[in-house]
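# Coordinates in review
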Amino acid sequence: MEDFWAGVLWALRIWLYLIISLIMIPAMFGFSLGISETYMTILVKTLEWATLSIQKANAEEEKVNASASNGLIQREGGSMEKELEELRRSRPKPPEGGDFTLSDCFYFSRRGIESIVDDEVTQRFTSEELVSWNLLTRTNNDFQYISLKLTLVYGLGIFVRYCILAPLRITLACIGLTWLVIGTSAVGFLPNSRVKFWLSEWVHVMCYRICARGLSATIHYHNRENKPKKGGICVANHTSPIDIVILCNDGCYAMVGQVHGGLMGILQRAMVRSCPHVWFERSEMKDRHLVTKRLKDHVNDKTKLPILIFPEGTCINNTSVMMFKKGSFEIGATIYPVAIKYDPKFGDAFWNSSKYSMVSYLLRMMTSWALVCNVWYLPAMHQQEGEDAVHFANRVKSAIAHQGGLIDLQWDGGLKRAKVKDTFKEQQQKKYSSMVVGDDSSGNSD
Amino acid sequence: MFLISVSAAHLLRLYERFQFLDKDNRGHLRPEDFEAVLELSENPIGDRIVEAFFKPGQETVDFPSFVRVLAHFRPTEKNRNRDKGQPDPANSRTRKLKFAFRLYDRDRDGKISRAELLQVLREMLGMQVTEEQLQSIAERAIQEADLDKDGAISFDEFRKVGPLELGSAFILLTVRHLNDEVSSLSYWRSG
């Protein structure tokens, strides 16, 4: 019995030493031993083979499945004008005067039925569907037995992910977070100086690198010359809390957020010791002026790190960008937009907060194949003369959506919990009335 | 009673959608459940469209009825075998027009009265036109369509002034499997 436990302890020590030397040390110093790359190559080859097998099997049957979009229907995408024109043109008798026809309502009714079947907003809060299955149980929509080999690979995948990769990743994540708390607290004891500043940055980046390895994250950074500088605000689209790890792997940012209790609270307090972040009490968050003032103060102090903000306010599933809240755009600082796009083939990064708690979400992340994402740094943007905050926010949002290949939506992500305003309906009515009545006063008005 | 040919996969997706709207898990939908569809509140005649799902006097709609209404929006088969004994399938031209007719004819008396037409126009145009403009538009529309001069538009009159080609306004295209995209192995290597 004793030997057994001694053996287990010995194995654990070997395990730890291996982790430290092969993963942690390279992470701390920012170089790579090529282990992840090898893993990714093997993974890609396996998934390609799986896709081919599934395709060969499906080729015999004529299947009509849902495609990469989340939708059940394909929207025409035609504008109101075009479609109404089409309806009017094919009439048996041309209209005598005025531009209203009884068939005009067909357009609205179809749009309405389209939204009932599948609306643009709700589908953004569920995970993106894949074109081809990636051998994960969770993305399996209609699994059919294809071949013994495929099932074996699938089973092997489960074993590898849950028994080998997951413990490894959990260990790394724990080490990373512990080191973050210890490291930042230690640096906090030093007096304010350049050395402290440099050390604090180094500790932060190092710990985030370890966490990134803990998720098997492969991140490609593009356009690094546009990286956010001090005194600015970095703005990005939000998919999950992991966005922070992704961005902080390549630079140091000041975080903004509510003070939490528990583990998060410990992290927050530790981080703020080594360099200033902006943490708000719950009561302070309601006071918009206070919030703006504190952010402004932080931004105006040129020695402080750029602030990282996610203006959507909620997690979206990485196929689109929803309305940006204007608060951060009213401060008058330089905005550095960043677009983050995850590759869903290797693991779904979206956090569906109504479905999963934070812990189960992280566990799901750690049992995916990997996390592959692209980060684009966009050139800095400033609020122009006479431009209001909402317009500026929309401009930044379009730039991010365009770069990341995401759909630019006007809807407010917070709407998944609240009601819609009447202004959208008015817009539709305005558009339609300009077609019917037009801006001609020479119409037949009695 | 109605011929609905929706594929099994689509039916499953529609059922998931039905369940999504049925937040309290009652097995049927009520008019309030449609408020979960945010885009519908942008639609000027959103309320009428929701009404179209409910039979007169009924306050709930179950899944088969839900699908029956949506079946109107499948593409019309061009060369359908017109059996005298068989009822029209949901996606025939006549049924589609009937669906649209009912959007106007709220009280289901078989005619679109002047008042009903004014109501729809007011909904579609909102506050963007004056009362006089509204009246003149309605007047013109009735004059054009009302062949028997009884001051209202019956279904047959509606059919005659309706478009010959219902075109894309009455079709929801369902999405197909993008087989071509996946066949290239670059799917896994790209991006």
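What you see is a predicted model, and the numbers here were worked out from it, not measured in a lab.

Looking only at helices and strands, one finds nine helices and five strands in chain B. Counted from the first residue to the last, chain B has its helices and strands arranged as α-β-α-β-α-α-β-α-α-β-α-β-α-α. Put simply, chain B has 191 residues, and 44% of those count as buried. Looking at chain B alone, contacts between residues at least 24 apart form 52% of all its contacts between residues at least 6 apart. As displayed, chain B has an accessible area near 10,000 Å², and 51% of this comes from carbon and sulfur atoms.

Okay, the overall build of chain A next. Counting its secondary structure elements, chain A contains 13 helices and ten strands. The 446 residues of chain A split such that 48% are buried. Counted over contacts in chain A with a minimum sequence separation of 6, partners at least 24 positions apart contribute 78%. Summed over all atoms, the accessible surface of chain A reaches about 21,800 Å², with 60% contributed by carbon and sulfur.

Another aspect to go through is the nonpolar core. Ranked by internal contacts, the top residues of the largest apolar core, which has 58 residues, are Phe100 of chain A together with Phe34, Phe66, Tyr104, Leu117 and Phe158 of chain B. Ranked by residues supplied to this core, first place goes to helix α4 (residues 104-117) of chain A with seven residues. Sequence-distant contacts of Phe66 of chain B, that is, excluding residues within four places in its chain, are made with Ile116 of chain A together with Leu14, Phe18, Leu21, Leu29, Phe34, Phe53 and Val61 of chain B. Core analysis: the second largest hydrophobic core is formed by 39 residues, Cys207, Ile219, Met255 and Cys315 of chain A among them.

What follows deals with the UniProt feature "transmembrane region" (unreviewed entry) in chain A. All names here are of chain A. Using the residue numbers shown here, the UniProt feature "transmembrane region" (unreviewed entry) corresponds to residues 14-35, 146-164 and 170-190. Helix makes up 89% of residues 146-164 and strand 0%, and the two end C-alpha atoms of the span are 26 Å apart. Between the end C-alpha atoms of residues 170-190 there is a gap of 31 Å, over a span that is 90% helix and 0% strand.

Residue and element names in this part refer to chain A. In terms of burial, strand β8 (residues 334-343) is a largely internal element, nine of the ten residues being buried. Examined bridge by bridge, strand β3 (residues 232-236) and β8 share five bridges and lie parallel to one another. Residue pairing in the sheet places Ile233 in a bridge with Ile335 of β8. Relative to strand β9 (residues 371-377), β8 runs antiparallel, the two being bridged by six bridges. When the sheet's bridge partners are listed, Val338 is paired in β9 with Tyr377.

Moving on: the sheet that holds strand β2 (residues 217-222) of chain A. Residue and element names in this part refer to chain A. Taken together, the seven strands give an open sheet; going across it, the order is β2-β9-β8-β3-β6-β4-β5, and neighbouring strands pair in mixed fashion. Across the chains shown, the open sheet's two edge strands, defined by having one partner strand only, are β2 and β5 (278-280). The mean angle between the axes of side-by-side strands here comes to 25°, regardless of whether they run parallel or antiparallel. Of the strands in this sheet, β3, β4 (254-258), β5 and β6 (307-309) are in contact with helix α10 (residues 288-300), which crosses β5 at around 165°.

With that settled, the discussion passes to the pattern of salt bridges. Oppositely charged side chains can form a pair if their charged atoms are brought close together. The tally for this structure, following the rule as stated, stands at 20 salt bridges over all chains. Of the charged contacts, one joins Asp301 of chain A and Lys304 of chain A as a salt bridge, the two residues approaching to 3.9 Å between their closest N and O atoms. Relative accessible area serves as the criterion here: at 24%, Lys304 of chain A is assigned to the partly exposed category. Here Arg395 of chain A makes a salt bridge to Glu387 of chain A, at a shortest N to O gap of 2.8 Å. Overall, Glu387 of chain A belongs to the buried group, its relative accessible area being 11%. Put simply, Asp24, Arg26, Arg30, Glu32 and Asp33 of chain B are held in one network by salt bridges that share partners.

Next up on the list: the packing of aromatic side chains. For the structure shown, the criterion picks out 20 aromatic pairs over all chains. When the centroid spacing of 5.3 Å and the interplanar angle of 65° are considered together, the rings of Tyr107 of chain A and Phe108 of chain A count as edge-to-face. On the basis of relative accessible area, Tyr107 of chain A is assigned to the buried category, the value being 2%. Overall, the relative accessible area of 1% leaves Phe108 of chain A in the buried class. Look at Phe18 of chain B and Phe63 of chain B: their rings are 5.3 Å apart centre to centre, the planes differ by 65°, and that puts the pair in the edge-to-face class. Of this pair, Phe18 of chain B sits in helix α1 (residues 8-21) while Phe63 of chain B sits in helix α3 (residues 63-71), placing them 45 residues apart in sequence. Look at Phe18 of chain B and you get buried, because its relative accessible area is 3%. Put simply, the rings of Tyr15, Phe18, Phe34, Phe53, Phe54, Phe63 and Phe66 of chain B pair up and form one aromatic cluster. Lying over the aromatic face of Phe280 of chain A, Arg294 of chain A brings its terminal NZ or CZ to 4.7 Å of the ring centre. Sitting over the face of the ring of Phe20 of chain B, Lys23 of chain B holds its NZ or CZ atom 4.1 Å from the ring centroid.

Take helix α12 (residues 389-404) of chain A next. All names here are of chain A. Here α12 is 16 residues long and its end C-alpha atoms lie 22 Å apart, about the 22 Å a rise of 1.5 Å per residue gives. Among the residues of α12, Ala389, Phe392, Ala393, Val396, Lys397, Ile400, Ala401 and Gly404 are the ones counted as buried. Positive phi appears at Gly405, one or two residues downstream of α12, with a value of about 70°.

Moving on, we get to the environment of Leu148 of chain A. Residue and element names in this part refer to chain A. Position of Leu148 relative to the elements: it lies in helix α5 (residues 148-188). Owing to a relative accessible area of 56%, Leu148 belongs among the exposed residues under this scheme. C-alpha of Leu148 to C-alpha of Val44: the two residues are 104 residues apart in sequence and 20 Å apart in space.

Residue and element names in this part refer to chain B. Per-residue pLDDT for chain B has a mean of 75; in total, 71% of the residues score no lower than 70. Looking across chain B, the model is least confident in helix α8 (residues 179-183), with a mean pLDDT of 40, and most confident in strand β2 (residues 61-62), with 88. For this predicted complex, the interface confidence reaches an ipTM of 0.80, while the overall pTM sits at 0.71.

Per the UniProt entry, the sites bearing "domain: EF-hand" (unreviewed entry) are residues 9-44, 92-127 and 133-168 of chain B in this numbering. Annotated as residues 92-127 of chain B, this span is 67% helix and 6% strand, and its ends, taken at the C-alpha atoms, are 36 Å apart.

In this model helix α4 (residues 93-104) of chain B runs 17 Å from its N-terminal to its C-terminal C-alpha over twelve residues, within 8% of the 16 Å that 1.5 Å per residue would give. Among all positions in α4 of chain B, only Lys96, Leu97, Phe99, Ala100, Phe101, Leu103 and Tyr104 of chain B are buried.

So, about the packing of α4 of chain A against α4 of chain B. Running from N to C, α4 of chain A and α4 of chain B point in directions that differ by 100°, and their axes come no closer than 11 Å. Between α4 of chain A and α4 of chain B, the angle falls in the class roughly perpendicular. Mapping the contact onto sequence places Cys105, Phe106, Ser109 and Ile113 of chain A in α4 of chain A and Leu97, Phe99, Ala100, Leu103 and Tyr104 of chain B in α4 of chain B. Its residues placed into classes, the contact of α4 of chain A with α4 of chain B shows eight nonpolar, one polar and no charged.

Here is what the cut-offs are and how they apply
- The residue numbers shown here count from 1 along each chain, following its written sequence.
- The order in which chains are written sets their letters, starting at A; the order in which ligands are written sets their numbers, starting at 1.
- pLDDT decides what is reported in this predicted model: residues at 70 or higher carry local features, side-chain atom pairs at 80 or more are listed and counted, and totals for whole chains, interfaces and linings draw on all residues regardless.
- In computing side-chain values, all of the structure's heavy atoms are included and hydrogens and water are not.
- By the criteria applied, helices consist of DSSP H or I runs no shorter than four residues and strands consist of E runs no shorter than two, each listed in order from the N terminus.
- Each residue's exposure class comes from its accessible area (1.4 Å probe, protein chains only) as a fraction of the maximum for that residue type: buried when under 20%, exposed when over 50%, partly exposed otherwise.
- Contact definition: two residues touch when any of their heavy atoms are within 4.5 Å.
- Per-residue and other accessible areas were derived by the Shrake-Rupley procedure at a 1.4 Å probe size, with only the shown protein chains allowed to occlude residues.
- Throughout, nonpolar core names a set of buried Ala, Val, Leu, Ile, Met, Phe, Trp, Tyr and Cys residues whose side chains join them through atoms within 4.5 Å.
- UniProt positions are given in the numbering used here, feature names are shortened, and annotations may be inferred rather than shown by experiment.
- Two strands form a pair only when DSSP identifies at least two bridges running between them.
- Working convention: axes come from line fits to C-alpha atoms, limited for helices to the stretch in contact. Angles between N-to-C directions cover 0 to 180 degrees.
- The salt bridge criterion pairs a side-chain nitrogen of Lys or Arg with a carboxyl oxygen of Asp or Glu, the two atoms within 4 Å.
- We call Phe, Tyr and Trp rings a pair once their centres come within 6.5 Å, taking the six-membered ring for Trp, and we label the pair stacked below 30 degrees between planes, edge-to-face above 60, and tilted otherwise.
- When the NZ atom of lysine or the CZ atom of arginine is within 6 Å of a ring's centre and also within 35 degrees of its normal, the charge is said to sit over that ring.
- The span you would expect from a helix comes to 1.5 Å times its residue count less one.
- Looking at any residue, its pLDDT shows the predictor's confidence there, from 0 to 100.
- Each angle gets one of four labels, with under 35 degrees taken as roughly parallel, over 145 as roughly antiparallel, 65 to 115 as roughly perpendicular, and the rest as oblique.
- Under the scheme applied here, ten amino acids are nonpolar (Ala, Val, Leu, Ile, Met, Phe, Trp, Tyr, Cys and Pro), four are charged (Asp, Glu, Lys and Arg), and all others, including Gly, are polar.

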